[in-house]
Amino acid sequence: ATTEFIAAIELGSSKITGVAGRKNSDGSMQVLAYAQEDSSTFIRKGVIFNLDKTAQSLTSMSKTVNDLAANTHIPKSTKNTPNFIDFNPRTFNIYQ
């Protein structure tokens, strides 16, 4: 049985939201981590105007979601799964 992990970060004008979860065998999703941060100081009307603050926030969000997910009960067989979200200002990868 393969465990499918899914993670996403949504950038909005008022907040950045990150979520990570696992697809269950019956097709349902189990949310393992959820976090939000204010984005009004670097995104306005859907436009990023401060790239440095955006990159800082994305780094913080990915760390928060990964830390929360790591502290959620995950079966032993999947504990060595890599981070859900690996953010680098030059590359942004999502692992599934």
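Further up the page is the structure itself.
Residues numbered from 1 in each chain as written. Predicted model: local features only at pLDDT ≥ 70, side-chain atom pairs only at ≥ 80, totals over all residues. Heavy atoms only, no water.

Undergrad: Outline helix α1 (residues 51–70), listing residues and values.
TA: Since one α-helical turn is 3.6 residues long, residues separated by three or four positions face the same way. With 20 residues, α1 should reach 28 Å at 1.5 Å per residue; the first-to-last C-alpha distance of 28 Å fits that figure. Residues of α1 that are buried: T54, A55, S57, L58, M61, S62, V65, N66 and A69. Within α1, the buried residues cover an arc of 165° as seen down the axis, which keeps them to one side. Across from the buried face of α1, at angles greater than 90 degrees, the exposed residues are D52, Q56 and K63. (Helix = DSSP H or I, 4+ residues; strand = E, 2+ residues; numbered from the N terminus. Expected span 1.5 Å × (residues − 1). Buried < 20%, exposed > 50% of the residue type's maximum accessible area, 1.4 Å probe, protein only. Arc of directions from axis to C-beta.)

Undergrad: Can you lay out the sheet that holds strand β2 (residues 15–23) for me, pointing to particular residues and giving the numbers?
TA: In space, the three strands of this open sheet follow the order β1-β2-β3, with antiparallel pairing throughout. Each of the sheet's edge strands pairs with one partner strand only, and the pair in question is β1 (4–11) and β3 (29–38). Neighbour-to-neighbour, the strand axes of the sheet open up by a mean angle of 10°, direction not taken into account. Of the strand pairs in this sheet, β1 and β2 are connected by eight bridges, and their pairing is antiparallel. By the bridge assignment for β2, E10 is matched with T17. Most of the contacts of α1 go to β3, to which it runs at about 145°, and overall it touches β1, β2 and β3. (Pairing = 2+ DSSP bridges. Axes fitted to C-alpha atoms, helices over the stretch in contact; angles between N-to-C directions. Contact = heavy atoms within 4.5 Å.)

Undergrad: Talk me through the nonpolar core; I want residue IDs and the actual numbers.
TA: I9, I16, A20, A33, M61 and V65 are the most contacted members of the largest nonpolar core, which has 14 residues in total. At the level of elements, β1, β2, β3 and α1 are the ones that each hand at least two residues to this core. Considering every element that reaches this core, the biggest residue donor is α1, with four residues. (Core = buried A, V, L, I, M, F, W, Y, C linked by side-chain atoms within 4.5 Å.)

Undergrad: Which residues make up the side chain of S57, and what are the values?
TA: Structurally, S57 can be placed in helix α1. Within polar-contact distance, the side chain of S57 engages the side chain of E37 at 3.0 Å. Residues within four places of S57 in sequence aside, it is in contact with I16, E37 and F42. (Polar contact = N/O pair within 3.5 Å; in protein donor to acceptor, adjacent residues only side chain to side chain.)

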